[in-house]
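Structure at a glance
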Amino acid sequence: MDSVEVRRGTYHDSVRLMQASRTLQQAHGVEEALVAMATDLNRELLAGMGFDVGALGEAGPNDLIVAVRAADEQAVAHARDALESALVAKVQAGAGMLAPPPAHIVGSAATNATLALISVPGEHAFVEAMDALAHGLDVMVFSDNVPIAQEVLLKRTAGDLGLLVMGPDCGTAIVNGVGVGFANVVQSGPVGVVGAAGTGIQQICSLLDDAGVGVRNALGTGSHDLSTEVGGASTLQGLMALDADPSTEVVVVVSKPPAPEVAARVRAAAASCATPTVLAFLGEEGVTLEGAVSRTLEVLGRKPPAYASWPAARHDHRPGILRGLFSGGSLSSEAARLASASLGEVGRDETASGHSVVDYGEDAYTRGRAHPMIDQRLRLQRLEAAGGDPRVGVILLDVVLGHGAHPDPASELAPVVAGATGAGAAVVVSLCGTKGDPQDRDRQARLLNEAGASVWLSNAAAAGQAISLVETAGR
Amino acid sequence: MSGLERLLAAEPVVVTAGVEVLAGALESQSVEVHRTNWSPPAHGTAGALAKLASAPAVREANQIAMARLLAARPHLVDVVPAGRVVPGLTERTFLHAGPPLTWAEASGPMRGALIGAMLYEGLAATPEEAISNLAAGDIDLAPCHHHQSAGPMAGVISPSMPVLVVEDADSGGVAYSTLNEGLGKVLRYGAYAPEVIERLRWMDRVLGPVFGDAVRRSGPVDLRSLIAQALQMGDDGHNRNRAGTSLLLRTIGAALVESDVASVSDRAAVYSFVDSNDHFMLNLVMAAGKLTVDAASGVEHSSLVTVMARNGTEFGIRLSGTGDRWFTAPAPIVDGLFLGSFTAADASPDIGDSAITETIGLGGFAMAASPAIVGFVGGTATGAVQRTLAMYEITMAEHPSYQIPILEFRGTPTGIDAILVTRTGVRPQINTGVAGKEPGVGMVGAGLVEAPMACFVQAVNTLAGGVAVA
Amino acid sequence: MSVRQRQGRQKATLASLPAAASRGVRHILDGPRQPGVLLGTSSNAAWIQARGHVLVLGGTNAVRLPNGVTVTKPAYAIRSSAGERCMVGEGMLEAGNLRASIVRWWDPRPTLAQVSVLSVTGLVEEARKRFVCVDDGGLGEALMSNDAGAVRHAMCGLLGKGEGLTPEGDDVLVGVLAGLRLLGPALGILGADGMQAAMAPIVLTEAPFRTTALSAALLRHAVAGEVADPVAAFLQALTGRIDLAEAIDGLHTMGNTSGVATACGVLLAAEFLVRGSVHDGQR
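Residues numbered from 1 in each chain as written. Chains lettered and ligands numbered in written order. Predicted model: local features only at pLDDT ≥ 70, side-chain atom pairs only at ≥ 80, totals over all residues. Heavy atoms only, no water.

Residues and elements named next belong to chain C. Considered domain by domain, chain C is made up of domain 1 (3–106) and domain 2 (117–279). Counting from both sides, the interface comprises 14 residues of domain 1 and, opposite them, 14 residues of domain 2. Surface buried jointly by domain 1 and domain 2 totals about 1000 Å² across both partners, of which 67% is contributed by carbon and sulfur atoms. Counting the surface domain 1 buries against domain 2, the share from its top three residues, Val63, Arg64 and Pro66, is 44%. Connecting domain 1 to domain 2 are one salt bridge. Its salt-bridge partner being Arg64, residue Asp229 comes within 2.8 Å of it at the nearest N-O pair. Taken together, the links from domain 1 to domain 2 amount to one residue pair in polar contact (both at pLDDT 80 or more). If you list the elements that add at least two residues to the side of domain 1 that touches domain 2, you get strand 3 (45–50) and strand 4 (53–58). (Domains from an automatic or database assignment. Contact = heavy atoms within 4.5 Å. Buried area = accessible area lost by both parts, 1.4 Å probe. Salt bridge = Lys/Arg side-chain N within 4 Å of Asp/Glu carboxyl O. Polar contact = N/O pair within 3.5 Å; in protein donor to acceptor, adjacent residues only side chain to side chain. Helix = DSSP H or I, 4+ residues; strand = E, 2+ residues; numbered from the N terminus.)

Written as structure tokens, this is what we have:
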């Protein structure tokens, strides 16, 4: 039976709701469940799941939908109970008559704070970020889908106040040794990073950490910072700040290639820095994340090491195409670039018939579901399908560890990897992580390796092996 | 430190808004995190809020408006018949509380008060005649707020009524309010029985002149100072005014004794009248409030809420930056403590200009200074403190004079920002008396009411319309 | 040992909190598990002695010390009293009912920017106008006359002189020692640690007998250039990196007079270094 309930004026953040949906789906006797705010998108989703959208009435984005399809009424009731505990908010600390009530906006909680971390829906991020700046806070805007005109104004306002805006669409940063957003646990050290590419930053930090070199600050600039409109505002600001910081000995700038005039501006700024800089515009000829790390190590007078890897025991696999299943944008772009240089055309979406490298973090794949770095279900399905698909010879995927990411991705992946390798496909994993990460990197690597995958810390190395496996198959 | 040096080298203290996962990841690194319970702004305001956030003119305008609000120094200087001083008040004009309304729209208590005023002014001999004349449009009805006045509950002001004259010598502003009739069967609750009319006549014959003489003799009464003291004695300035009334009597007491415009027994009657009416000070606070908000009005682009007022049918607000526009929504029914066997079914929708006290940091906003008020409006003493604390999030300043002892003498939350109301979803709290919906019944209870969000949504959208795109 | 293994050995009854700690005491906290003693507690701090070192466990808003461990609870309660046993090591500090699990390290030794003698001289003058300096027991004069013997004599007069957990005389010495260690390289002065090398042995041998355990620990850290956050900020201000007025405000968060007394010591060191460089014809 179907049950559709609307709770007016009840709001929860999207990640909590997805987790709640998941909890309900796993409840006994439940076939389908959706717990979400009544946005147009979710109404469509609800209809697509076969629920009666009419039951929503006038419900809008500030109202909560609880839709359950279960065996019987008892199962529905049971699911609702499970929901209540899943939605319980964190208990507020501080008791007593004089304890202030919880703040509802950034400005109300800004006393004594130094940084605002904003991850509200994109259409509301600008107002919160401007509020943060008005209270003298630096800002990280995790939210995406913020209009570019708002980003420009935000960064202009910040620049006038001597504050930095990291974002919008910035998911990764390290500030004074503290990881913000999706960030790996790295030792502190002489490298500073400025990046418009989240997993690009993560890979650079992870490789440096493996080489025994620390990163104290990694400033995310948001994916649109180096566009013509924004003009590299945060990139230039971050670059200058790291140059002036006495504890930073080398600055790495990483992004996809900027608009040409912006690239020129960044190059000029880097050239005027007293601190040595390494520019890595991924997508330019011959530029890889591992390569950028090598150049950085050279500046510090160190030789690049052989980064950690766990080669697969078996080496025979069926011939076939390359199927790349990625969660990190920069990692997938790099893999795709390297692959196409050797293998010819590499498709970037699921409709490709030949080689493909797909970024499952893209909008198209994250409607109604959390990012693949948090929720692996879609990738697990695709991995299983690829393993069972005789046209696929080599499967390449990334596993990104660190704060915010899935607590134990290898445990979920290993059985599916084993199935794929058992069926004759080769599996190569690009494992982006450090020894300090909460997921226990080496254990993750071992689990995947024992399931038959080759595991590499360097994304370029993983891609390289995958390409070579495609080329040498069947010989 | 500039933001960037601090970002790179200092220990971060992080405010989060949005997904909980990110806050948790920071805490697991032993970082101090201040979470917000963020939810989207009031429906239909997102675009306007973005526009207002990008306009520095708004912040500048609010600074100006707030400075004027907090600088006001209202003094009671006189009591005279309304017809003599209130601008625009003619023989055929009655003022009323709240936004503009017509006889047809008026609720029970408002109609009762208008009938009573007709009888009092001698413009009708019977209630039926009064009704017929009012329905025919013989009398022009106008909001008190359009005429530098404010009236509690029905708030009807007619020319013969004595009014308090409150001035600010520095800014040259002036505002008026009637004298409070007391509790029970009174005009402002819609009663118009002969005893009500008789009392009104006594007020204009004796109370007004005697009280006025005492005020003139004693010199201007500093209302800001009186209110500040009353607040520290447990008043809230809206529904609990016992201390303020007492302080007022002390202030003009000697002058009252010395006054020679009336007999001893009349003067004693005046003293007794004020003494027996714990709400007497309310009308002075309201006039002081009206003067204060008028001083802060008319600042282009300011989102300061200068008026919150109800006429028994609609709840209306005005902003400093949107000129004379009213933003209205249906007046809510107040739920609270009811007297005797009355229930919410007997209640009239919210009515009165007395919400002006909340716009200057008193009343519902100062409940933490007045925990005893919960005996009147319901709730707990802890709740009273919590309600004040909640209001800091939607106001722009802490009042320099009106301080709350239990909050370590923190100033009351003052200067409601319509932008903050729509962003936070926190609505201004007003504590208020409740009138019976049948005219003449009088007060049926008291409670707490929140200003309707719809008013603020309209106001914010209108304000944004007047702002140039950055 | 991995985090999971550590967790396996934790007793169920202790409240476990993630904590940040100073690198200056990493060798104690990451070393083998050892018993320690709770020296005392206040509303927002606890002092623990272990392996001959003193650690300070602080809550939110507690000043970060070079031997500090901080948790982000405002006023956690260590339900225990002075004299009770604690355990320190394997990434953890257990005191009373609290277990602090170290997840992050900070560097108590600030990296200062290169700066000119002229610039520092100006900022030192500015700083001197903004607070009144404490009695330095003749140390300043001794330093300016570059007389190591007189310096040692003045030091002995200052060690342990004053009231409280960190006596004022010790605070001045902390400032001088850290200032010499850190400002010398920042000014590009060769051999700047000569005077510090003459002073350090006295501190290291005499302090444990002449002053509190905590103060002796802070003096040892100062010799290594490891200081409390507000002192690090003051040093950064003297090299023009952050606003001097803000840094001086921060000093007032350190106890009653501790911050100011330490800053006085830093100024003495700066003046000594500057004079020394002028003397040697350096700029």
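What follows covers the pairing of strand 17 (residues 443–450) of chain B. All names here are of chain B. Extensive coverage of strand 17 is indicated by the burial of seven of its eight residues. Direction of pairing for strand 12 (residues 335–338) relative to strand 17: antiparallel, over a ladder of four bridges. Looking at strand 17, one finds that Leu337 is bridged to Ala446. Relative to strand 17, strand 16 (residues 429–435) runs antiparallel, the two being bridged by seven bridges. Residue Gly433 lies in a different strand from strand 17, and its bridge partner there is Ala446. (Buried < 20%, exposed > 50% of the residue type's maximum accessible area, 1.4 Å probe, protein only. Pairing = 2+ DSSP bridges.)

A few words on the environment of Gln49(C). All names here are of chain C. Mapped onto the elements, Gln49 comes out in strand 3. For Gln49, a relative accessible area of 31% corresponds to the partly exposed category. Measuring from C-alpha to C-alpha, the distance between Gln49 and Val266 comes to 27 Å, with 217 residues separating the pair along the chain.

On to unusual backbone geometry. A cis amide bond, omega -5°, links Gly167(A) with the succeeding residue Pro168(A). Of note, Pro168(A) is situated in the loop between strand 6 (165–166) and strand 7 (172–175). The residue Asn146(C) is not glycine, and still its phi comes out positive at about 55°.

Overall, the coordinates contain 39 salt bridges over all chains when judged by the stated rule. Between Lys129(C) and Glu126(C) there is a salt bridge whose closest N-O contact spans 3.3 Å. One end of the pair, Lys129(C), and the other, Glu126(C), are both in helix 3 (residues 117–130), three residues apart, so they sit about a helical turn from each other. Assessed through its relative accessible area of 64%, Lys129(C) is described here as exposed. One network of salt bridges, in which partners are shared, links Asp78(B), Asp213(B), Arg216(B), Arg217(B) and Asp260(B).

In an α-helix there are 3.6 residues to a turn, and that puts residues three or four apart on one side. Residues and elements named next belong to chain A. Compared with the 20 Å implied by 1.5 Å per residue over 14 residues, the 20 Å span of helix 12 (residues 409–422) between its first and last C-alpha is a close match. At Pro415, helix 12 shows its largest bend, some 25°. On its buried face, helix 12 is in contact with helix 11 (377–388), strand 16 (392–400), strand 17 (426–432) and helix 13 (441–450). (Expected span 1.5 Å × (residues − 1). Bend = angle between axes of the 7 residues up to and from the residue.)

Right, let's get into the packing of helix 9 (residues 223–231) of chain B against helix 10 (residues 242–258) of chain B. All names here are of chain B. Direction vectors running N to C along helix 9 and helix 10 enclose 135°, while the axes themselves pass 9 Å from each other. When the axis of helix 9 is compared with that of helix 10, the two are oblique. In terms of crossing hand, the pair formed by helix 9 and helix 10 is right-handed. Within the contact between the two elements, helix 9 uses Leu226, Gln229 and Ala230 and helix 10 uses Ala243, Gly244, Leu247, Leu248 and Thr251. (Axes fitted to C-alpha atoms, helices over the stretch in contact; angles between N-to-C directions. Parallel < 35°, antiparallel > 145°, perpendicular 65-115°, else oblique. Left-handed = near helix turned anticlockwise from the far one by under 90°.)

Let's shift gears to the interface of chain C and chain B. On the chain B side, the residues contacting the 14 residues of chain C number nine residues. Both sides together, the interface formed by chain C and chain B hides about 1000 Å², and carbon and sulfur atoms give 46% of it. Looking only at chain C, the three residues that lose the most surface to chain B are Thr72(C), Arg104(C) and Arg241(C), adding up to 44% of its buried area. The shortest N-O distance in the salt bridge between Arg241(C) and Glu5(B) comes to 4.0 Å. One can count seven residue pairs in polar contact (both at pLDDT 80 or more) joining chain C with chain B. Listing elements by their share of the side of chain C that touches chain B, those giving two or more residues are strand 1 (15–22), strand 5 (68–71) and strand 8 (98–106) of chain C. Of all the elements, strand 1 of chain C adds the most residues to the side of chain C that touches chain B, at three residues.

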